[in-house]
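# Coordinate inspection notes
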Amino acid sequence: MSDKVHYSDLGLENTRAMFAKAVDGGYAIPAYNFNNLEQLQAIIMACAETSSPVIVQVSKGARNYANSTMLRYMAMGAVKMVREMGSQIPICLHLDHGDTFELCKSCVDSGFSSVMIDGSHLPYDENVALTRQVVEYAHQHDVCVEGELGVLAGIEDEVQAEKSTYTQPEEVVDFVSKTGVDSLAISIGTSHGAYKFKIKPGEPPPTLRFDILKQVEKELPGFPIVLHGASSVVQEYVQLINRYGGKMEGAIGIPEDQLRKAAASAVCKINIDSDGRLAVTAKIREYLTNNPSEFDPRKYLGEARKELIKLVKHKNETVLGSAGKA
Ligand code: G3H
Ligand code: 13P
Ligand code: ZN
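Anyway, here's the lowdown on the structure attached to this text. (Residues numbered from 1 in each chain as written. Chains lettered and ligands numbered in written order. Predicted model: local features only at pLDDT ≥ 70, side-chain atom pairs only at ≥ 80, totals over all residues. Heavy atoms only, no water.)

## Overview of the coordination of the zinc ion (ligand 3)
Perfect tetrahedral coordination of a metal by four donors corresponds to 109.5 degrees between them, and perfect octahedral coordination by six donors corresponds to 90 or 180 degrees. Taken together, H97 (NE2), H192 (NE2) and H228 (ND1) make up the protein donors of the zinc ion (ligand 3), found 2.1 Å from the metal. Taken in chain order, the donor set of the zinc ion (ligand 3) reads H-x94-H-x35-H. On the criterion of sequence distance, the pair formed by H97 in strand β3 (residues 91–98) and H192 in the loop between β8 (183–186) and α8 (210–219) is long-range, its members being 95 residues apart. This pair shows no difference in class: H97 is buried, exactly as H192 is. (Donors = N, O, S within 2.8 Å, 3.2 Å for Na, K, Ca; no water. Helix = DSSP H or I, 4+ residues; strand = E, 2+ residues; numbered from the N terminus. Buried < 20%, exposed > 50% of the residue type's maximum accessible area, 1.4 Å probe, protein only.)

Right, here's the structure in full:
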């Protein structure tokens, strides 16, 4: 195999057909982040078992962690594994929060079927120019591109944003027509990480800005919208982490009913990373505390993988509505 590889040779699909079906069907495609073998196995197995289309995504940091050559074969292996299980679910390999043209190009060249170029922190015209440059290259290879307008609070692009800047609906038509993106990430009150809101114990988290989402949908009817920072920060895991030596006071996320409402509208890709991290960490902490003499990684990583399968099935079936849609 030469250094350059097209995603179709790895058995992957781009997001075009997936999103068209999701927009029509009123559900969202799950986009789960992964960094290692167990996470990828769990995501793929759970999506095969629930018959859900899936986007497996890696950040720049994850790509550096896993190695880009290793990733290519992991993705190819994941596709083969589910086909051997008898499942035909569509699988997309996506770059999450690409920050330069060069990184996006390198991902296109190494078998990704979709890339995000995140110029959301740049002045508008620079965001347009950078996004356009990525689209021109990616589309030559039939790779889909996600752009972003509006900034989410939390860590985005390795830049810590204190406050979110909501997407301005009056900009979206101009941005999409000038750049040619295939989907658009917007900011309506979600944020990255496990501490999404600063609220007093017992207080309900604020409601997402569905009014902005509605306006965006009106401006761009039928266009695929993406929601980042969409973990629910499952409290059962936060409690397990705290019980078994961790310290995650005040961790809180987006309530599931709000995500379901978003998935039923123009939102057709929902990004989930933190919930997966919490599940893995909770189970590893619990296992190692209860089995202090155990030192076989298969034991504690196996427990983590089992829990992640449970979590992904739950999300697909009851939050995103993607189960049975492959
Ligand atoms: O949006 C950010 C994702 O959760 C990836 O995080 O850069 O730590 O891999 P990371
Ligand atoms: P969470 O931190 O809410 O899981 O968001 C992940 C994300 O948006 C990845 O791009
Ligand atoms: Zn994100």
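That covers the picture; the talk isn't over yet.
## Focus: the site of ligand 2
Near ligand 2, the surroundings consist of 16 residues, among which D96, K196, S231, D273 and S274 are the closest. At a separation of 3.2 Å, an oxygen atom of ligand 2 approaches a polar side-chain atom of H97. Residue S231 places a side-chain N or O atom 2.6 Å away from an oxygen atom belonging to ligand 2. Relative to its unbound accessible surface of 310 Å², ligand 2 loses 97% to contact with the protein. At the level of secondary structure, the elements contributing two or more residues to the shell around ligand 2 comprise β3 and β10 (267–272). (Near = heavy atom within 4 Å. Polar contact = N/O pair within 3.5 Å; in protein donor to acceptor, adjacent residues only side chain to side chain. Areas by Shrake-Rupley, 256 points an atom, 1.4 Å probe, with all protein chains shown as cover.)

## Some words on the pairing of strand β4 (residues 114–117)
Every other side chain in a regular strand lies on the same face of the sheet, so the side chains alternate between the two faces. Burial along β4 is two-sided: the residues S114 and M116 and V115 and I117 are all buried. Strand direction decides the pairing type here: β3 and β4, joined by three bridges, are parallel. Residue pairing across strands places L95 opposite V115, the latter belonging to β4. In terms of handedness, the path from β3 via helix α5 (residues 101–109) over to β4 forms a crossover that is right-handed. Pairing analysis gives three bridges linking β4 to strand β5 (residues 144–149), with the strands arranged parallel. Its bridge partner lying in β5, M116 is registered against E146. Crossover connection from β4 via helix α6 (residues 124–140) to parallel β5: handedness right-handed. (Pairing = 2+ DSSP bridges. Right-handed = clockwise from strand over helix to strand, strands pointing away.)

The quantities given are spatial measurements derived from coordinates; they are silent on function.
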